[in-house]
Amino acid sequence: MRIAMLGLGSMNGAILSGFLASGVSADDVVATSRSAASARARAAEHGVTVLAEEDDAEANRRAAAEADVVFLGVKPHGIVALCTEIRDALRPEAVVVSVAAAVDLQMMQDALRAGQPVIRSMPNTPLSVGLGVVGLVPGAHVTADQTDRVKGLLGACGAVHVIDEAQIDALTGISGSGPAYAFHLAEHMAAAGVELGLDPALAADLAARTVQGAGTMLVENHISGAADAAALRRAVCSPNGTTERAIGQLDSHGVPEAVVAAVKASADRAAEMTAQLREQV
Ligand SMILES: NC(=O)c1ccc[n+]([C@@H]2O[C@H](COP(=O)([O-])OP(=O)(O)OC[C@H]3O[C@@H](n4cnc5c(N)ncnc54)[C@H](OP(=O)(O)O)[C@@H]3O)[C@@H](O)[C@H]2O)c1
């Protein structure tokens, strides 16, 4: 299967790392970026061909023309223009997969040739280490076989959920933006350790491995049905112990409400961006 990755920044770069680690051959991938400097850096990092729009105005069209699956990984405001740009270069059966927040299927289908298969997705960056989460919304012209092929590709790097388009902003609030919440938590756990006198490298290591261990334990217990997040939290809290005191601080500082507000703010921002993008097309 030939894969084109148009735009190779944080997200498409993470997906590509996941693909290569899961056995996709670098020879089967052609990527693009806007600048020549970025293309050189990404080609050296991943060992794939990266064409730069700055060097060749036809870069995106050339990469798309050869592909069975085309991942659109530019910023949301660039997606419709990119669809228009590659429209006539795509093979009719090539599946276009957007990773962009807020750009709905209709906007992309309207910009592409009638009948071109399009899938809207919301991935997250832990796909790079095989632990990602992806929401997939197959468009009207996508066959079950095409959905299965894209599911298979991404499923080798994480968990894939096929969802309705109405659910994608909520999914974005949890799993699309969510890695940043966990990184933010780790960042501040480590900073507190430094305030308490720990060496910064030790504090960062303790925070990182604690988030990793808690995450792995949470997923294993979730899959087996043995315990949910609340039960695992309670198991760390000895009555009148250290953790109970710490959780009391999180609660009295409004962390539960803040987390709910953060997830909703991400989902709301996605909807707001969709409305803005609709006005522009
Ligand atoms: N970051 C995340 O965690 C995440 C999660 C889920 C979804 N997304 C979605 O992923 C998309 C990309 O976000 P990102 O964070 O990866 O952004 P990013 O790091 O800024 O990457 C954007 C990439 O697009 C390239 N580019 C820009 N215009 C181009 C053009 N006309 N032709 C070819 N390449 C072009 C850039 O090239 P240069 O480097 O040369 O400028 C860069 O490689 C967004 O739509 C976002 O909603 C991101």
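Residues numbered from 1 in each chain as written. Predicted model: local features only at pLDDT ≥ 70, side-chain atom pairs only at ≥ 80, totals over all residues. Heavy atoms only, no water.

The protein is annotated in an unreviewed UniProt entry as Pyrroline-5-carboxylate reductase of Nesterenkonia aethiopica. Taken directly from UniProt, the Pathway (unreviewed entry) text for the protein runs: "Amino-acid biosynthesis; L-proline biosynthesis; L-proline from L-glutamate 5-semialdehyde: step 1/1." Looking at the protein in UniProt, the text filed under Function (unreviewed entry) is "Catalyzes the reduction of 1-pyrroline-5-carboxylate (PCA) to L-proline." (UniProt positions renumbered as here; feature names shortened; annotations may be inferred.)

J.: Any chance you could explain the site of the ligand here in plain terms?
T.: For the ligand, the set of nearby residues contains 22 residues, the closest of which are S10, M11, R34, S35 and V74. For the ligand, an oxygen atom lies 2.7 Å from a polar atom in the backbone of S35. At a separation of 3.0 Å, a nitrogen atom of the ligand approaches a polar side-chain atom of N60. Out of a free accessible area of 900 Å², the ligand has 79% covered by protein chains. Placement of the ligand is best described as lying within the second largest pocket. Its residues placed into classes, the shell around the ligand shows nine nonpolar, 10 polar and three charged. (Near = heavy atom within 4 Å. Polar contact = N/O pair within 3.5 Å; in protein donor to acceptor, adjacent residues only side chain to side chain. Areas by Shrake-Rupley, 256 points an atom, 1.4 Å probe, with all protein chains shown as cover. 1 Å grid on protein atoms, 1.4 Å probe; cavity = no way out; pocket = protein on both sides within 12 Å on 5 of 7 lines; lining within 4 Å. Sits in = over half its atoms within 2 Å of the grid points. Nonpolar A, V, L, I, M, F, W, Y, C, P; charged D, E, K, R; others polar.)

J.: Please explain the layout of surface pockets as it appears in this structure.
T.: If you roll a probe as big as a water molecule over the atoms, it shows you where there is empty space left. Roughly 1000 Å³ of internal volume is contained in the second largest pocket. Looking at the second largest pocket, it is lined by 40 residues, and the ones nearest its centre are G9, G73, V74, K75 and P76. Contributions of two or more residues to the lining of the second largest pocket are made by α1 (10-21), β2 (29-33), α4 (76-86), α7 (168-176), α8 (178-195) and α12 (255-280). When residues in the lining of the second largest pocket are grouped by element, the largest group, six residues, is from α4. When grouped by side-chain class, the residues that make up the lining of the second largest pocket number 17 nonpolar, 18 polar and five charged. (Points joined across faces, edges and corners; volume = space filled by probe spheres on them. Helix = DSSP H or I, 4+ residues; strand = E, 2+ residues; numbered from the N terminus.)

J.: For this particular structure, what's the right way to read a nonpolar patch on the surface?
T.: A surface patch of nonpolar side chains, amounting to about 230 Å² of accessible area, comprises L198, L202 and L206. Within the secondary structure, L202 is located in helix α9 (residues 200-224). The partly exposed category is assigned to L202, whose relative accessible area is 40%. (Patch = residues over 30% accessible without salt bridge, like charges linked within 9 Å, V, L, I, M, F, W, Y side chains within 5 Å. Salt bridge = Lys/Arg side-chain N within 4 Å of Asp/Glu carboxyl O. Buried < 20%, exposed > 50% of the residue type's maximum accessible area, 1.4 Å probe, protein only.)

J.: I tried to follow the UniProt feature "domain: Pyrroline-5-carboxylate reductase catalytic N-terminal" (unreviewed entry) in the protein on my own but got confused; where do I start?
T.: The feature "domain: Pyrroline-5-carboxylate reductase catalytic N-terminal" (unreviewed entry), as given by UniProt, occupies residues 2-101 in the numbering adopted here. Taken end to end, residues 2-101 has its terminal C-alpha atoms 24 Å apart, with 41% of it in helix and 21% in strand.

J.: What's the story with the nonpolar core in this structure? I'm lost.
T.: Where a protein is soluble and globular, its nonpolar side chains tend to be buried together. Counting residues in hydrophobic clusters, the biggest one holds 32 residues, and the most contacted among them are L6, V70, L72, I86, L90, V103 and M108. Elements that contribute at least two residues to this core include exactly β1 (3-6), α3 (59-65), β4 (69-72), α4, α5 (105-111), β6 (118-122), α7 and α12. Per element, the largest residue contribution to this core is five residues, and it comes from α4. Every residue in contact with L6, bar those within four places of it in the chain, is listed here: N12, T32, N60, A63, A64, V70, F71, L72, G73, V74, L82 and I86. (Core = buried A, V, L, I, M, F, W, Y, C linked by side-chain atoms within 4.5 Å. Contact = heavy atoms within 4.5 Å.)

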